[in-house]
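Coordinate analysis (summary)
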Amino acid sequence: MAVPARTCGASRPGPARTARPWPGCGPHPGPGTRRPTSGPPRPLWLLLPLLPLLAAPGASAYSFPQQHTMQHWARRLEQEVDGVMRIFGGVQQLREIYKDNRNLFEVQENEPQKLVEKVAGDIESLLDRKVQALKRLADAAENFQKAHRWQDNIKEEDIVYYDAKADAELDDPESEDVERGSKASTLRLDFIEDPNFKNKVNYSYAAVQIPTDIYKGSTVILNELNWTEALENVFMENRRQDPTLLWQVFGSATGVTRYYPATPWRAPKKIDLYDVRRRPWYIQGASSPKDMVIIVDVSGSVSGLTLKLMKTSVCEMLDTLSDDDYVNVASFNEKAQPVSCFTHLVQANVRNKKVFKEAVQGMVAKGTTGYKAGFEYAFDQLQNSNITRANCNKMIMMFTDGGEDRVQDVFEKYNWPNRTVRVFTFSVGQHNYDVTPLQWMACANKGYYFEIPSIGAIRINTQEYLDVLGRPMVLAGKEAKQVQWTNVYEDALGLGLVVTGTLPVFNLTQDGPGEKKNQLILGVMGIDVALNDIKRLTPNYTLGANGYVFAIDLNGYVLLHPNLKPQTTNFREPVTLDFLDAELEDENKEEIRRSMIDGNKGHKQIRTLVKSLDERYIDEVTRNYTWVPIRSTNYSRDPSFSPLSLGLVLPPYSTFYLQANLSDQILQVKYFEFLLPSSFESEGHVFIAPREYCKDLNASDNNTEFLKNFIELMEKVTPDSKQCNNFLLHNLILDTGITQQLVERVWRDQDLNTYSLLAVFAATDGGITRVFPNKAAEDWTENPEPFNASFYRRSLDNHGYVFKPPHQDALLRPLELENDTVGILVSTAVELSLGRRTLRPAVVGVKLDLEAWAEKFKVLASNRTHQDQPQKCGPNSHCEMDCEVNNEDLLCVLIDDGGFLVLSNQNHQWDQVGRFFSEVDANLMLALYNNSFYTRKESYDYQAACAPQPPGNLGAAPRGVFVPTVADFLNLAWWTSAAAWSLFQQLLYGLIYHSWFQADPAEAEGSPETRESSCVMKQTQYYFGSVNASYNAIIDCGNCSRLFHAQRLTNTNLLFVVAEKPLCSQCEAGRLLQKETHSDGPEQCELVQRPRYRRGPHICFDYNATEDTSDCGRGASFPPSLGVLVSLQLLLLLGLPPRPQPQVLVHASRRL
C-alpha cells in the first residue's frame, strides 16, 4: 500500500495511520548515543490520551497493535514452541528411559578438592622426573667440561658430530660449508618417525645446531663440540630411566646447541636466525630477573647509519628480556626523556616491548651529548620504589657513538661505593672518537663495554651481557642451582606448545693453582614438557562439557586452559595469555588469580560471564572454582614455594556424572548394533564423538570414516579390553542404546512434516549425537563432539529452549533457501534427578524448517482466532494491524539473546536469518540496545592470526640501508669516514646476501609454511539486559520516528519485537557492530598504571663479594686508515668482495 511521505510537525495523513500523531520532531540519537542514564524512555501510554484528539474527523483507521494484543501473540508463540518440544523433544520420555535403565549405570561424584589435589600431585610427579634428569645432565656437563683439556690446534676433521643443518646446507649449492668442503666431519644418519616428537628422530645420536653467524671451524666452537660430545651418553641414560622424556637440550653460552634425540633442523625459507641464547628458556635460566633502563644518545653527532644501528640494537636488546624483567627506554641529548608513554619501569611483556620498539623508531638526532642527563634519569628510574619491579639485577645500558665526559660525579652520587647498579656501555658505529670514557664507565660500575661497528655485530653484542649477570650465580654455586619453569612457548622442532625446565651449568675450572675459580656460566640445560602430556593427567570427560582444569604461573599466565589456543606462534616470543584474558574478567576472578599466585588453596562459587564456543554469545552462569598450588620438592630449597597453581572449574550441574556398567555382554552387542550404518534408516543417523577410545583406533576428521574405523576395531577387541578406555567405551555404548529407545518411544511414530520439522536430535555426555530421520544427517553441520558443540554447551547453561539460527557472516552471501534444507536448531537440556543428585547428561532438540516456521510465525502473531482466513485492516475498518496481513507496514521479528535474527514476517529477510540484527535494521537494534534490552560486552582476543602486513621501507628497519644525503656526498670528510665504509659494506653484502635484507625475523625463524602473524582482535558480544517485561517505546529520529514493542518470550532465549517499518533512512548511521575487528588492544599506556598482580622468582642472585669485575671489555679502538678504506672499497667495487667472516665474538675467558 502506498504511504505518503511524512512531514515534521504534521499528523499522519489520510487513512494510513491517522489514529496517532507523528511524534518526535526534535533531535534524534546519533550513532554513538548511549542509552539514557536516568529515567525510562518515553512510553507509548503517555501519547494515548492524545490519539482521539488528533484523529481526522469521521475517518476510519487501523492502529499499531496495543500492548495486550502483542502479549497475546507472545503467549501463542511460547505455547507453540513448548508444545512442539514436548511432543518431539522427548525431554520427559528421556528422563523415564534413564530411570528404566537405572541398573546400567552408576552416579559418580566429582569432589573438587580431591580432584585438584590428585591432578596437582600427578603434575608434581611428572615435573620431578624431569628435574632429576636435568640435574644429572647439569652435573655431568660441569664435570665433563672441568676434565676437558683445551686444544689450541684442534681441527674440524678431528670432530665427528651430526650437524642438524647439514642436509639443508647440502641441498643449498651456495652454502658456505659446501664451498669449503668441510662435511667430512659430519655424520649422515637415518631417522624413524616418532609420534611423541611429531618428527623423525635417531635415538643413537644427539644433533648439533650452530647459528648461521658463527664460524663452525673456530677454535672455541671446536673445543665446545669436543667436550659436549660426552653428554650423548647421559642423554641416552636419561631416556632409559624415563622413556617419556622429550627434547633434552644443552644451550651453550658460545651459541652451540646440542639436543637429543637427533633430528634434522627445520630450516626456514630464508635466513636462519635461530640462536639458542635468544630463546626464552635460555634467557630465563641464564640469569636472575632484571630491572633495566636503556638510554640512547640522540645528539646531533648520532645520525644516519649510527642512529639506525642504535635503533636496531635497542630492539634486539629488548628481545633478551622476559616477563620476569622490567624495563624502560629513554633518549637523551642535553636532557633525557622516555621514548614512549611509559614514565617508569614496566614489565617486559610482549605488548610493552612492542610499544618500545615502535617508539624507538621515532627517535631523531639533534642537540649535544649530555651523559649526565641520561644517567641521572636512569638512576632515578631504578630508585623508584613505588612501582612493581623485579628488585634483583639493576642495570643501565647506554648506546652512544662516543663522548669525553665520564660523569664520575653522577656515579659517586647514585652508585658508589656499593655499585648496586651495573653499567653497560655500547659504542655504536665506526668512528674516530676516543672510547676510553665508555670503557671506564663500564669497568667502574661492574659492567662491560661492547662495540657495535656494523649490523652484523648487533645480535651477539646485545646478548653477551648475560654472561656478566651470570657471575653471581656461578659464584653462589649449589645455592644457585635452581630449576625454573618457563612460560608456554612454541617448540622450534615442531613439538607444539611446551614448557621447559631449565638449570644453569657453571664453569668449575680455575685459571691456575690457587687462583680464583672461573665465574662464567657455561650454558643452560633444558628439558621440554609438552602441554599435551600435562593435559593427559587431567580428567577428560567426567567434568562435563563446561567443566575444565586450568593452571597458571607466577605471572598469572595460563599454562593449561581450554581457551589457550594460539592461532599462530612466533618462535621469538613466548605464548603469554593471562588468566584474566583467557576468561571474561571480573572482580571475583581477580581475587582467585591473586590467591593462586600466592600459592594458596581455595574454593569459591561465583556468578560470571562466559563466551560461547563460537564466540557469538554471552551467558551469565554459576561456576565453582577450586584451586591448589603445585609444589615441587626439587624446584627450590623452599618446599612451600609453588611455581604453578592448578584450578578446577565446575558448573553445579556437573557435580555428578554417569558411569556406565554394562557387564551384560549380550546387551553390549545389542546396543552396539545400533551404531552400525545398516540401522540408520530406521533408527536415525549416529555421529560419535572422535575421542581416544582405544590406542589402536585410527583418528579421522571425517566422522563417517571415524565410525568405520571404530566399528572395525570393535570387531577385534571388546569394550573391556586393556588397550581401551573402558569408561569412554561403556558410556558410548550405553548412550547408543538410550537414544535408540528415544527413537522407538517418541520419534519413529511422529510425522515431523505436520509440525514443519526437518529433524529431531539428541546428544549425550557419552559422545553420541543421534539425528532422526537419517536423511537429515546430510545437512547436519554441528560438531560431532558434543563437548565442542555450541548448542550443547549453551543448552546446559541455560534453562528452557535455546534457539540457534544458522551462522551467517555479513560478508558472505545470504542463505540459499533451497529444498527446505535451512533450519533453526531449538535445544534444551535433560535434567535428571536421582535421589538428591541432579545432573544433565543429555541435550535434545528439533530443527525447524525456516520457511514453514516463518509463515507460522506470521499466523501466530496475527488477529486470526482459529483457522479462519485473515482479515486485512483497511481504510474502512476499525482494527489493529498484525504481523500477517499488514507486513507492508509492520515489522515483526524474533531475535535471539545474542542479537541475531531468528524469524521475520518479511519474506525478503528470510535469507538474512542468522545475521546480527543491526545488519538487518540498524535503527531498531540501536533502540533495543539503548532501551536496555541488550547489554554489550567487549573483550580482546590476543591469540588471533592476521594476514601479514606488507614490508615497509622505513629507514629504521633492521634490514634497511642508510641513504646518504647530498650534503654527505659533497663532504670530503664523509668519504673518509666509517659511515661511508659501512654503507659500501652493507650495499655489497646486500647484493651478495639478498635474503638477509629481505628476511622478516618472524618468518625467518618460523616454519616455511607461516603465512599469518599473531595480532589482537576486538570482540563484541551482546546479551540480554535487565528488561524482562513487555515494553513499548518510540524511536525518536526526526521524520523517521517509529513505534516499537519488545517482549521476552518466556522459557526461551528469544526477544519478540514488533515495530513500524521505517519509511526513510535518516538514522541508518547508528549501526552497532558485532563482528570481530582488528585492534591494537587496550591502551598500554593506561594499563601499566594499574599493573596486574604477579610474583617474581623467590630467589635472586645479583651480588657476590668475590666477583672479579676486571674483565669489563677493555679494548682498543683505532681510527680507520684512509688508504686501507680506499683499497678495500676498490676491491669490493671491482667485484672481488672478501667473504664476510661469520661473527664469533666471545669473551677471552671463553678459552676453556
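The rules behind the values
Residues numbered from 1 in each chain as written. Predicted model: local features only at pLDDT ≥ 70, side-chain atom pairs only at ≥ 80, totals over all residues. Heavy atoms only, no water. Salt bridge = Lys/Arg side-chain N within 4 Å of Asp/Glu carboxyl O. Helix = DSSP H or I, 4+ residues; strand = E, 2+ residues; numbered from the N terminus. Buried < 20%, exposed > 50% of the residue type's maximum accessible area, 1.4 Å probe, protein only. Pairing = 2+ DSSP bridges. Axes fitted to C-alpha atoms, helices over the stretch in contact; angles between N-to-C directions. Contact = heavy atoms within 4.5 Å. Parallel < 35°, antiparallel > 145°, perpendicular 65-115°, else oblique. Nonpolar A, V, L, I, M, F, W, Y, C, P; charged D, E, K, R; others polar. Disulfide = S-S within 2.5 Å. Phe/Tyr/Trp six-rings, centres within 6.5 Å; stacked < 30°, edge-to-face > 60°.

A few words on the pattern of salt bridges. According to the stated counting rule, one finds 42 salt bridges in the structure shown. In this structure, Glu316 and Arg278 form a salt bridge, with 2.8 Å as the shortest nitrogen-oxygen distance. Residue Glu316 is located in helix H10 (residues 305-318), and its partner Arg278 is located in the loop between strand S8 (257-260) and helix H9 (280-286); the two are separated by 38 residues in the primary sequence. For Glu316, a relative accessible area of 11% corresponds to the buried category. Glu884 is paired through a salt bridge with Arg864; the nearest N and O atoms lie 2.6 Å apart. A residue pair is termed long-range when its members are at least 10 positions apart, and Glu884 in the loop between strand S32 (879-880) and strand S33 (890-896) and Arg864 in the loop between helix H26 (850-860) and S32 qualify at 20 residues.

Strands sit in the order S35-S36-S40 across an open sheet of 3 strands; the sheet is antiparallel. Edge positions in the sheet fall to strand S35 (934-946) and strand S40 (1077-1079), since each has one partner strand and no second. When the angles between neighbouring strand axes are averaged without regard to direction, this sheet yields 35°. With 11 bridges joining them, S35 and strand S36 (residues 1013-1024) adopt antiparallel strand pairing. Its bridge partner lying in S36, Arg936 is registered against Tyr1022. Against the sheet, helix H27 (residues 922-930) contacts S35 and S36, and its axis sits at roughly 110° relative to S35.

This part covers the packing of H10 against helix H11 (residues 350-360). Relative orientation of the contacting elements H10 and H11 amounts to 175°, with a least axis distance of 9 Å. Comparing the axis directions of H10 and H11 gives the class roughly antiparallel. Each of Lys311, Val314, Cys315 and Leu318 in H10 lies in contact with H11, whose residues at this interface are Lys353, Phe356, Lys357 and Val360. When grouped by side-chain class, the residues that make up the contact of H10 with H11 number 5 nonpolar, no polar and 3 charged.

Moving on: the state of the cysteines. By definition, a disulfide links two cysteine residues through a covalent bond between their sulfur atoms. Counted according to the given criterion, the structure contains 6 disulfides. In this model Cys883 forms its disulfide with Cys892; the gap between the sulfur atoms is 1.9 Å. Between Cys883 and Cys892 the disulfide shows an S-S torsion of about -85°. By sign, it is left-handed. Of the two residues, Cys883 and Cys892, both sit in the buried class. Residue Cys946 pairs covalently with Cys1015 via a disulfide, S to S 1.8 Å. One quick way to see it: the torsion about the S-S bond of Cys946 and Cys1015 is about 70°, and its sign makes the bridge right-handed. Of this pair, Cys946 sits in strand S35 while Cys1015 sits in strand S36; the two residues are 69 residues apart in sequence, bridging distant segments of the chain. By the burial criterion, Cys946 is buried, and Cys1015 matches it.

With the rule as written, the count across this model stands at 45 aromatic pairs. Judged by centre distance (5.1 Å) and plane angle (5°), the rings of Phe379 and Tyr414 are stacked. Residue Phe379 is located in helix H12 (residues 371-383), and its partner Tyr414 is located in helix H13 (residues 408-414); the two are separated by 35 residues in the primary sequence. With relative accessibility at 1%, the residue Phe379 sits in the buried group.

Cis peptide bonds are those with omega within 30 degrees of zero, and the linkage from Tyr260 to Pro261 qualifies with -5°. Position of Pro261 among the secondary structure elements: in the loop between S8 and H9. Omega for the bond connecting Trp416 with Pro417 falls within 30 degrees of zero, at 5°, which places this linkage in the cis form. One can find Pro417 in the loop between H13 and strand S14 (421-428). The backbone of Arg419 shows a phi angle near 50°, a positive value even though the residue is not glycine. Secondary-structure assignment places Arg419 in the loop between H13 and S14. Although it is not a glycine, Glu615 adopts a positive phi angle of roughly 60°.

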